[in-house]
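The chain contents come next:
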Amino acid sequence: MGDSLKDRVRQKLLRQLDEDGPDPEQDDARAISVAADLEALEMVSDDDPLVEELAQRYLVF
């Protein structure tokens, strides 16, 4: 992976999902939201405003 903002956001989201781990007892709204954001990130180009929005939301610098 490179060092683009999109790559750093992707790494952060994947790390967040890994650290939170699955909870088989319930649907975790936070994990669902992070997974949805990761899916949306994969659908946009590097210069899409969503990349910057997610970077701000997840404090990626």
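In this text, all values refer to a predicted model and were calculated from it rather than measured experimentally.

(A) Local environment of the nonpolar core. Counting residues in hydrophobic clusters, the biggest one holds 12 residues: Val9, Leu13, Val34, Leu38, Leu41, Val44, Leu50, Val51, Leu54, Ala55, Tyr58 and Val60. Among the elements that line this core, the one with the most residues is helix α3 (residues 49–57), at four residues. Excluding anything up to four places from it in sequence, Val60 contacts Leu5, Arg8, Val9, Lys12 and Ala55.

(B) Structural view of the packing of helix α1 (residues 5–20) against helix α2 (residues 29–42). At a closest axis distance of 10 Å, the pairing of α1 and α2 adopts a crossing angle of 155°. Classed by the angle they form, the pair α1 and α2 counts as roughly antiparallel. Crossing geometry of α1 relative to α2 is assigned as left-handed. Together, Lys6, Val9, Arg10, Leu13, Leu14, Gln16, Leu17 and Asp20 of α1 and Arg30, Ala31, Val34, Ala35, Asp37, Leu38, Leu41 and Glu42 of α2 make up the contact between the two elements. Tallied by class, the residues present in the contact of α1 with α2 amount to nine nonpolar, one polar and six charged.

Conventions and cut-offs
- Residues numbered from 1 in each chain as written.
- Predicted model: local features only at pLDDT ≥ 70, side-chain atom pairs only at ≥ 80, totals over all residues.
- Heavy atoms only, no water.
- Core = buried A, V, L, I, M, F, W, Y, C linked by side-chain atoms within 4.5 Å.
- Buried < 20%, exposed > 50% of the residue type's maximum accessible area, 1.4 Å probe, protein only.
- Helix = DSSP H or I, 4+ residues; strand = E, 2+ residues; numbered from the N terminus.
- Contact = heavy atoms within 4.5 Å.
- Axes fitted to C-alpha atoms, helices over the stretch in contact; angles between N-to-C directions.
- Parallel < 35°, antiparallel > 145°, perpendicular 65-115°, else oblique.
- Left-handed = near helix turned anticlockwise from the far one by under 90°.
- Nonpolar A, V, L, I, M, F, W, Y, C, P; charged D, E, K, R; others polar.

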